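Here is what each chain is made of, one letter per residue.
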Amino acid sequence: MLSRRTFLEIDLTAYINNLMFFSRKLSPTKVMAVVKSNAYGHGAIELSRVAIENGINKLAVAFVEEALELREAGVKIPIIVFNYFDPEYSKEVLANDLTITIYSEQQFKRIKERVPEGLKVHLNVDTGMRRLGPDVESALKLAKDIVDSGYFLEGVYTHFAVADERDESFSLRQLRDFRRFLESIRKIGITIPIIHVANSAGALRFNCSEFDYARIGIASYGLQPSEAFQINELEPVLSWKSVVSYVKKLKKGDSISYGRTFIARKEMTVATVPVGYGDGYNRKLSNRGEVLIGGKRCKILGRVCMDQFVVDVSHLSKKPKIGDEVVLIGKQGEERITVEEIAKLIDTINYEVTCTITSRVPRIYRRRENSR
Ligand SMILES: *Cc1c(COP(=O)(O)O)cnc(C)c1O
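Residues numbered from 1 in each chain as written. Predicted model: local features only at pLDDT ≥ 70, side-chain atom pairs only at ≥ 80, totals over all residues. Heavy atoms only, no water.

Note the threshold: UniProt positions are given in the numbering used here, feature names are shortened, and annotations may be inferred rather than shown by experiment.
Within an unreviewed UniProt entry, the label attached to the protein chain reads Alanine racemase, and the organism entered is Kosmotoga pacifica. Regarding the protein chain, the UniProt comment filed under Catalytic activity (unreviewed entry) reads as follows: "L-alanine = D-alanine". On record in UniProt, under Cofactor (unreviewed entry), the comment for the protein chain is "pyridoxal 5'-phosphate".

### Some remarks on the site of the ligand
Defined as follows: Definition of nearness: a residue and a molecule or strand are near each other if at least one heavy atom of the residue lies within 4 Å of the molecule or strand. N or O atoms closer than or at 3.5 Å make up a polar contact, with two conditions inside protein: a donor-capable atom paired with an acceptor-capable one, and, for residues adjacent in sequence, both atoms drawn from side chains. Only the protein chains shown count as cover for residues, and the accessible areas themselves come from Shrake-Rupley with a 1.4 Å probe. For this classification, Asp, Glu, Lys and Arg are treated as charged, while Ala, Val, Leu, Ile, Met, Phe, Trp, Tyr, Cys and Pro are nonpolar and the rest, including Gly, are polar.
The full set of residues close to the ligand is Val34, Lys36, Tyr40, Phe82, His159, Asn199, Ser200, Arg215, Gly217, Ile218 and Tyr351. Between the ligand and serine 200, the relevant distance is 2.5 Å, taken from an oxygen atom to a side-chain nitrogen or oxygen of the residue. In this structure, an oxygen atom belonging to the ligand sits 2.6 Å away from a side-chain N or O atom of tyrosine 351. Out of a free accessible area of 390 Å², the ligand has 91% covered by protein chains. Across the shell around the ligand, the residue classes tally to five nonpolar, four polar and two charged.

### Things to note about helix H1 (residues 12–26)
Going by this rule: A helix here means a DSSP run of H or I that spans at least four residues, while a strand means a run of E at least two residues long, and both kinds are numbered starting from the N terminus. A helix is expected to span 1.5 Å for every residue after the first. Using a 1.4 Å probe on the protein chains alone, a residue whose accessible area is under 20% of its type maximum counts as buried, one over 50% counts as exposed, and one in between counts as partly exposed.
The first and last C-alpha atoms of H1 sit 21 Å apart over 15 residues, in line with the 21 Å expected at 1.5 Å per residue. In terms of residue burial, H1 counts as a mostly covered element, since eleven of its 15 residues are buried. Taken together, the buried positions of H1 are occupied by Leu12, Thr13, Ala14, Tyr15, Ile16, Asn17, Asn18, Leu19, Phe21, Phe22 and Leu26.

### A few points about the nonpolar core
What counts is decided by this rule: For this analysis, a nonpolar core means a set of buried residues of the types Ala, Val, Leu, Ile, Met, Phe, Trp, Tyr and Cys, connected via side-chain atoms within 4.5 Å. Domain delimitation follows an automatic or database domain assignment.
Core analysis: the biggest nonpolar cluster contains 115 residues, and Tyr15, Phe22, Phe181, Tyr281, Phe309 and Val311 have the highest contact counts within it. At eight residues, the largest contribution of residues to this core is made by H1. Split by domain, the residues of this core number at least three in each of domain 1 (12–221) and domain 2 (238–366).

### Description of the state of the cysteines
Heads up, the condition is: Here, a disulfide means two cysteine sulfur atoms that sit within 2.5 Å of each other.
Per the stated rule, a full pass over the model turns up zero disulfides. With no disulfide of its own, cysteine 298 lies 18 Å from the sulfur of cysteine 305, the closest cysteine sulfur. Judged by its relative accessible area of 0%, cysteine 298 falls in the buried class.

### Digging into the packing of aromatic side chains
Which entries qualify depends on this criterion: Ring pairs shown here join Phe, Tyr and Trp side chains whose ring centres sit within 6.5 Å, with only the six-membered ring taken for Trp; geometry is labelled stacked below 30 degrees between planes, edge-to-face above 60, and tilted in between.
Under the definition given, this model contains eleven aromatic pairs. Arranged with centres 4.8 Å apart and planes meeting at 35°, the rings of tyrosine 40 and tyrosine 221 form a pair that is tilted. In this pair, tyrosine 40 sits in helix H2 (residues 36–40) while tyrosine 221 sits in the loop between strand E9 (213–216) and strand E10 (238–243), placing the two residues 181 residues apart along the sequence. Across the pair, exposure class does not vary: tyrosine 40 and tyrosine 221 are buried alike. Within the aromatic cluster, the residues linked to one another by ring pairs are Tyr15, Tyr40, Tyr221 and Tyr351.

### A short note on the UniProt feature "active site" (unreviewed entry) in the protein chain
Operational definition: Here, two residues are considered to be in contact whenever any of their heavy atoms come within 4.5 Å of each other.
Here the UniProt feature "active site" (unreviewed entry) sits at Lys36 and Tyr258. Sequence-wise these annotated residues cover 223 residues; spatially they are dispersed, their C-alpha atoms as much as 35.4 Å apart. Inspection of the secondary structure puts lysine 36 in helix H2. Once residues lying within four places of it in the same chain are set aside, the contact partners of lysine 36 are Ala60, Val61, Ala62 and Glu66. Not counting residues up to four positions away in its chain, the partners in contact with tyrosine 258 are Arg303 and Cys305.

This is the structure in structure tokens:
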């Protein structure tokens, strides 16, 4: 049973449209759907299924645990694990046909001790992130070692550091260095079936059509991959809804919530919303955020608590009643609150806003009748 207390409405049609937008735009380069961190909070199992139904043939996650969860849910297509791999998981990785990332000689040796052969791997080459991966110079030796070891070196990739920023020079340098690496690897006779470079922002800005896949995360959820440019074709996938739990009149001088950080300067009507930081609604939205009630913006007054917060509804001509819809993210009437708006208010990026919505909030999945 679904309580309407609060839930995320996940618009699968929007997700499909976003994926198709990229598939068309990037063709012949294919889209690898990045569904790490529970598909950026949207629900990895359901979205992976929908992606596969719509022709996506590779998924990516950060960790083995995430990939295993998808396998358990019946996801059969290749899944690439980008990040740290605990060799303890070797048996599961082999049994579930997962593709892991090799990013250093030392890590490679550690894995090799556990799994002598048969692993399918991608090599992450560092061209500027300085996070994982050997630099272009040492990557060649590692590639050779992998091939000689009896592992299948299926792919190589690199990652942009500033694909979302206005200045393109660093990204172009990364691309140039990576191409140099690819050339040297070809020269020694190693063929790599799958090469991938771009994330969402990179795929929209740089011509990567010579590569086999683009790794699309944020933009597939209809969220803007950069503050430097706006992609109007993207449809936000997630809406966050709740209801009014209480309505009351305040007298002049009354204070609201912990710490009494809001004091009413006049008589007001306020409504309580039963969502808090325990749901991932950020406490920094205290006295800053807004929600939609009756198609109008209503300001948060006082501190966001673990399970609830209070908003001003004095300006609404029709006073809300208990059970009326509240929109925290998404559209109501003519108004819309975007993930990006919230990110800006709390000084972070859209990625973090959706990733931190907790498992206390149920996700419900909808398809629109007439997709465009
Ligand atoms: C998360 C991730 C992506 C996806 O990036 P977006 O900006 O969300 O498109 C791509 N590649 C790697 C290696 C990642 O970790």
